[in-house]
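Okay, here's what each chain looks like letter by letter:
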Amino acid sequence: MVEPVPADEAAENAPVQPEGQVGPGSLAGPADDAELSRAVVALTGDDVPVKERRRLLGRLVRLEVGERGVRDLFRPKKALGWITDSVTRVAPHIPLRDLETLRAHYNGLEGDALADRLIRNAARVTAGIGAAGGGVAAVEWVATPTLLSAPVLLAAETVAVVAVEMKLIGELHAVYGRPIPGSGSQRAIALIQAWAERRGINPLRVGGSVAAAMGTALRKELRDRLLKRFGRNLSTMGPFLTGAAVGGFLNRRATQSLGAEISKDLKGQGHRVIES
């Protein structure tokens, strides 16, 4: 059962004022990349409390509205553009644990057992994000003045879930002896490509910059995959708290499926590793 949203938390997560209005929640100027990345990276943690998860999602909502403005909230192409831009900006900052760190954290597990634990935990995190998103969405349905933030909340949730799944992909590569080399930007390209195509990565072919890579067909692949995810997560906008349960379930199932596909590739079963 999803916990009710406390009044103080609802106020904290209220959307910013529409353009041209002044209010206590208003933001001036575009979202800061570092602030955006900090909020999203924090959401990828294994043990983030429910209240903190909601607070971080609320922060992403504020950043998004401050960057895009209220007018764009109901324009699917604009919302998808923000999601795509945010994923590419956050990807270089996603923390990836190496195999030694993972073994230490999970009491010496390795191989398939460690991979299964990573997938299970990532699925639990994305389910928690879906549940938190639904909980915040419940505020929108019972508080009419804040209804405008519903679409942008969905966009923020999508960015957070994708970040968790990219982290999972990177750490599965470490588990199976294929850690992703290169700088943060180079790893980001590999993670974006792997997430969009649901495949493993050939570490010998990682290179280039995010800006250059995202000017190619990769950006279209990412947008197409994000569009499917964004549409599926519309279910979290259900009235009251029903969306929280559905959003959590769908996120968990999608993350488990992705993790299984990546693991299968990395183990060489139906070998489809990307030549990035």
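In every chain, residue numbers begin from 1 and rise along the written sequence. Local features are withheld for residues below a pLDDT of 70 in this predicted model, meaning they are given only at 70 or higher, and side-chain atom pairs are given and counted only at 80 or more; totals for whole chains, interfaces and linings count all residues. The basis for the side-chain values is all heavy atoms of the structure; hydrogens and waters are excluded.

Draft legend 1. Representation of the pattern of salt bridges. The salt bridge definition used is simple: a Lys or Arg side-chain nitrogen within 4 Å of an Asp or Glu carboxyl oxygen. Tallying each qualifying case throughout the model produces 10 salt bridges. Note that arginine 97 is salt-bridged to aspartate 46, the shortest N-O span being 3.9 Å. Pair noted here: arginine 97 is in the loop between helix 4 (76-90) and helix 5 (99-105) and aspartate 46 is in the loop between helix 2 (33-43) and helix 3 (50-68), with a separation of 51 residues, a long-range link. Put simply, Asp46, Arg97 and Glu171 are held in one network by salt bridges that share partners. Each helix corresponds to a stretch of at least 4 residues labelled H or I by DSSP, and each strand to a stretch of at least 2 residues labelled E; elements are numbered beginning at the N terminus.

Draft legend 2. Geometry of the side chain of glutamate 165. Topologically, glutamate 165 is positioned in helix 7 (residues 150-175). Within the local environment of glutamate 165, its side chain forms a polar contact with the side chain of arginine 229, the two groups lying 3.1 Å apart. Residues are treated as being in contact if the distance between any of their heavy atoms lies within 4.5 Å. When sequence neighbours within four positions are dropped, the list of residues in contact with glutamate 165 reads Thr126, Trp195, Arg229, Ala254, Thr255 and Leu258. Identification of polar contacts relies on pairs of N or O atoms within 3.5 Å, with a donor-acceptor requirement for protein atoms, meaning one able to donate a hydrogen and the other able to accept it, and with residues adjacent in sequence counted only if both atoms are side-chain atoms.

Draft legend 3. Highlighting the confidence of the model for the protein chain. Here the protein chain averages 75 in pLDDT, and 64% of its residues register 70 or above. At the level of individual helices and strands, the protein chain shows its lowest average pLDDT in helix 1 (residues 7-12), which scores 40, and its highest in helix 5, which scores 96. Every residue gets a pLDDT, meaning the predictor's confidence in that residue, from 0 to 100. Note that residues 140-148 has pLDDT below 50 and, in this model, 15 contacts with residues that lie over four places away or in other chains.

Draft legend 4. Inspection of the environment of alanine 260 at higher detail. The topology assignment puts alanine 260 in helix 11 (residues 242-266). In sequence terms alanine 260 and isoleucine 119 are 141 residues apart; their C-alpha atoms lie 7.7 Å from each other.

Draft legend 5. Examining the nonpolar core more closely. Core analysis: the biggest nonpolar cluster contains 63 residues, and Leu60 and Met166 have the highest contact counts within it. Listed by contribution, the elements that provide at least two residues to this core are helix 2, helix 3, helix 4, helix 6 (111-142), helix 7, helix 8 (184-197), helix 10 (217-232) and helix 11. Top contributing element to this core by residue count: helix 7, with 17 residues. Discounting residues that sit within four places of it in the chain, leucine 60 has contacts with Leu36, Ala39, Val40, Leu43, Trp82 and Ala156. For the purposes of this section, nonpolar cores are sets of buried Ala, Val, Leu, Ile, Met, Phe, Trp, Tyr and Cys residues that join through side-chain atoms within 4.5 Å. Burial classes follow relative accessibility: with a 1.4 Å probe on protein chains only, a residue under 20% of its type's maximum area counts as buried, one over 50% as exposed, and anything between as partly exposed.

Draft legend 6. Main features of empty space enclosed by the protein. Using a 1 Å grid laid over the protein atoms alone, points where a 1.4 Å probe fits but cannot get out form a cavity; open sets with protein on both sides within 12 Å along at least 5 of 7 lines form a pocket; any residue with an atom within 4 Å of a point counts as lining. Grid points are joined across faces, edges and corners, and a volume is the space filled by probe spheres set on the points. Overall, the coordinates contain two cavities of 30 Å³ or more when judged by the stated rule. In this structure, the largest cavity encloses a volume near 90 Å³. Along its surface, the largest cavity is lined by Thr44, Asp46, Arg97, Tyr106, Leu118, Asn121, Ala122, Val164, Lys167, Leu168 and Glu171. Broken down by secondary-structure element, the contributors of at least two residues to the lining of the largest cavity are helix 6 and helix 7. For this classification, the nonpolar set comprises Ala, Val, Leu, Ile, Met, Phe, Trp, Tyr, Cys and Pro, the charged set comprises Asp, Glu, Lys and Arg, and every other residue, Gly included, is treated as polar. Partitioned by chemical class, the residues of the lining of the largest cavity number five nonpolar, two polar and four charged.

Draft legend 7. Seen up close, helix 8. Multiplying 1.5 Å by the helix residue count minus one yields the expected span of that helix. The end-to-end C-alpha separation of helix 8 is 20 Å, in line with the 20 Å expected for 14 residues at 1.5 Å each. Most of helix 8 sits inside the fold, with 10 of its 14 residues counted as buried. Turning to helix 8, its buried residues are Ala188, Ile189, Ala190, Leu191, Ile192, Gln193, Ala194, Trp195, Ala196 and Glu197. Looking one or two residues beyond helix 8, the residue adopting positive phi is arginine 198, at roughly 55°.

Draft legend 8. Region of the structure containing the side chain of threonine 44. Inspection of the secondary structure puts threonine 44 in the loop between helix 2 and helix 3. Threonine 44 gets classed as buried once you look at its relative accessible area, which sits at 4%. Among the polar contacts made by the side chain of threonine 44, one reaches the main-chain carbonyl oxygen of valine 41 at a distance of 2.6 Å. The residues contacting threonine 44, other than those within four sequence positions of it, are Val125, Ala163, Val164 and Lys167.

Draft legend 9. View of helix 2. Of the positions making up helix 2, those classed as buried are Leu36, Ser37, Ala39, Val40 and Leu43. Down the axis of helix 2, the sector holding all buried residues measures 165°, keeping them to one side. What the arc covers is the set of directions going from the helix axis to the C-beta atoms.

Draft legend 10. Examining unusual backbone geometry more closely. At asparagine 107, a position not held by glycine, the phi torsion is positive, near 55°. Residue position: asparagine 107 is located in the loop between helix 5 and helix 6. Here the phi dihedral of arginine 198 falls at roughly 55°; this positive angle occurs in a residue that is not glycine. Locating arginine 198 in the fold gives a position in the loop between helix 8 and helix 9 (210-213).

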